[in-house]
Amino acid sequence: MDKNSILSFIKNFSNDISLEDINKTYPINKLKISDLEKITFLSFKHKSINILPKEIKYLQNLEKLYCVNNEIKELPNELLELKNLKLLDIRANKIKELPKELFDLNLELKLDLNPLEKPPIEIINAGKEAIENYFNKNNNRLIPLNEVKILVVGDGGVGKTSLINRITKDYFNAYETQTHGININIWKIKQDNKDISVRVWDFGGQAIMHSIHKIFFSKRSIYILVVDSRVNYNIKLWLNYISTMSLNSKIFLVINKLDENPSFNLSPYLTKKYKNIIGIYKISCKTKEGIEDFFKNLEEKILNFETVNLQLTKNYINVKNILENEKKDYILY
């Protein structure tokens, strides 16, 4: 492979480019091999590319590289040879791991909406010292988190608690009281020799609680939106709320009480507009109708969820365990 390959790649996939001493976008079809080392700006946005070629190393004057919303899973080591690179925007890709050397460069990194595991986005956002501590394996052994957070939301009385009881304990209480505030249920799932801790958050559905939800909504979570098949319910209100507060996290849409209204149907418009809906399930917590299919798909999503294999330092895990076991309702500064 030579410079012809990177030239061809740029012509086939780039949105626009800029060359040094040229203030406007340069015509891509006029790009020549002799121009490669003059490129300062390069964009590959929304092109569905899954790899950056190693020959990118020939763009020695490249300062800004945009690869937003693609299918890239890893970055080539040759990217580290671009000493003039000042900005790398790789948001919304499939990248799970980044090399330590990338953080040693004097570089602005944009990484949101990647399933990062090594290092986690929380570590990256904490700054250079936290990143250095993370990679210093002599001091901090890396441990998989083995956890998943599920948030069960919806109006009061739709059966959120009943659904949680049914999938975690195969239990149903026809006289279940409404949840006030938030309850957190621990659900253990075993995968091979690994125990996965699923934290199921049961949110009270009273309108007065809705302003509190946003404090606990997080990006790397699974959402279950429960609605009542008997009620003319504005589902879009909740879908907009979840999508906005959690940056389009995945949603299971569960229609409960099917035994009381088996003819209930949703508009196909919903799945077209809300791409983060990964399944619509008609169920009855009372009769167990539809529960098995929903449980199977939920468990599959849990076992493959990004936070299961998330690697965190032993120090982080220790602090986390201390806070979890703390019985007080507050901590000192």
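Scroll up a little and you will see the structure.
To start, this report covers the structure provided alongside it. (Residues numbered from 1 in each chain as written. Predicted model: local features only at pLDDT ≥ 70, side-chain atom pairs only at ≥ 80, totals over all residues. Heavy atoms only, no water.)

1. Some details on the sheet that holds strand 8 (residues 182-191)
Hydrogen bonds between backbone atoms are what pair the strands of a sheet, whose relative direction is either parallel or antiparallel.
Step number 1: Strands sit in the order 8-9-7-10-11-12 across an open sheet of 6 strands; the sheet is mixed. Two strands close off the open sheet at either side, each with one partner strand: strand 8 and strand 12 (277-282). With direction set aside, neighbouring strand axes in the sheet form an average angle of 20°.
Step number 2: The pairing of strand 7 (residues 147-153) with strand 10 (residues 222-228) spans 4 bridges and is parallel. If you follow Leu 151 over to strand 10, its bridge partner there is Tyr 223.
Step number 3: Across the sheet, helix 7 (residues 235-245) is in contact with strand 7, strand 10, strand 11 (251-256) and strand 12; its angle to strand 10 comes to roughly 165°. (Pairing = 2+ DSSP bridges. Helix = DSSP H or I, 4+ residues; strand = E, 2+ residues; numbered from the N terminus. Axes fitted to C-alpha atoms, helices over the stretch in contact; angles between N-to-C directions. Contact = heavy atoms within 4.5 Å.)

2. Focus: the pattern of salt bridges
Step number 1: Evaluation of the coordinates by the stated rule reveals 17 salt bridges.
Step number 2: The salt bridge involving Asp 104 is made with Lys 100; its shortest N-O contact spans 3.5 Å. Of this pair, Asp 104 and Lys 100 both sit in helix 2 (residues 100-104), 4 residues apart, roughly one helical turn.
Step number 3: Given a relative accessible area of 45%, Asp 104 falls into the partly exposed group. (Salt bridge = Lys/Arg side-chain N within 4 Å of Asp/Glu carboxyl O. Buried < 20%, exposed > 50% of the residue type's maximum accessible area, 1.4 Å probe, protein only.)

3. Points about a nonpolar patch on the surface
Step number 1: Taken together, Val 319, Leu 323 and Ile 331 make up a surface patch of nonpolar side chains, about 300 Å² in accessible area.
Step number 2: Assignment of secondary structure puts Leu 323 in helix 10 (residues 314-325).
Step number 3: Take Leu 323: its relative accessible area is 49%, and that puts it in the partly exposed class. (Patch = residues over 30% accessible without salt bridge, like charges linked within 9 Å, V, L, I, M, F, W, Y side chains within 5 Å. Areas by Shrake-Rupley, 256 points an atom, 1.4 Å probe, with all protein chains shown as cover.)

4. Thoughts on the side chain of Glu 147
Step number 1: For Glu 147, the position within the fold is in strand 7.
Step number 2: For Glu 147, a relative accessible area of 12% translates into the label buried.
Step number 3: A polar atom in the side chain of Glu 147 sits 3.2 Å from the side chain of Arg 199.
Step number 4: Within polar-contact distance, the side chain of Glu 147 engages the side chain of Lys 320 at 2.5 Å.
Step number 5: Not counting residues up to four positions away in its chain, the partners in contact with Glu 147 are Ser 197, Arg 199, Thr 307, Val 308, Lys 320 and Glu 324. (Polar contact = N/O pair within 3.5 Å; in protein donor to acceptor, adjacent residues only side chain to side chain.)

5. Focus: the sheet that holds strand 1 (residues 16-19)
Step number 1: Taken in spatial order, the 5 strands make up an open sheet running 1-2-3-4-5, and their pairing is mixed. Either end of the sheet is taken by a strand with one partner, and the two such strands are strand 1 and strand 5 (108-110). Strand-to-strand twist across the sheet, computed as the mean angle between neighbouring axes with direction ignored, equals 5°.
Step number 2: As paired elements, strand 4 (residues 87-89) and strand 5 share 3 bridges and run parallel to each other. When the sheet's bridge partners are listed, Asp 89 is paired in strand 5 with Lys 110.

6. Describing the pairing of strand 7
Step number 1: Burial within strand 7 is extensive, with 7 of its 7 residues counted as buried.
Step number 2: The alternating pattern of strand 7 places Glu 147, Lys 149, Leu 151 and Val 153 on one face and Val 148, Ile 150 and Val 152 on the opposite face, and all of these are buried.

7. Quick look at the environment of Lys 83
Step number 1: Position of Lys 83 among the secondary structure elements: in the loop between strand 3 (64-66) and strand 4.
Step number 2: Spatially, the C-alpha atoms of Lys 83 and Leu 59 are 9.9 Å apart, while their sequence positions differ by 24 residues.

8. Section: the packing of aromatic side chains
Step number 1: Evaluated as defined, the whole model comprises 15 aromatic pairs.
Step number 2: Centroid distance Phe 41 to Tyr 66: 5.4 Å. Interplanar angle 45°. Geometry classified as tilted. Here the residue Phe 41 occupies a position in strand 2 (residues 39-43), and Tyr 66 occupies one in strand 3, the gap between them amounting to 25 residues.
Step number 3: The exposure class assigned to Phe 41 is partly exposed, which follows from its relative accessible area of 22%.
Step number 4: Among the aromatic residues, ring-to-ring pairing joins Trp 201, Phe 203, Phe 216, Phe 217, Tyr 223, Trp 238 and Tyr 241 into one connected group.
Step number 5: For Lys 45, the ring lying beneath its charged end belongs to Tyr 66, and the centroid distance is 5.0 Å. (Phe/Tyr/Trp six-rings, centres within 6.5 Å; stacked < 30°, edge-to-face > 60°. Lys NZ or Arg CZ within 6 Å of the ring centre and 35° of its normal.)

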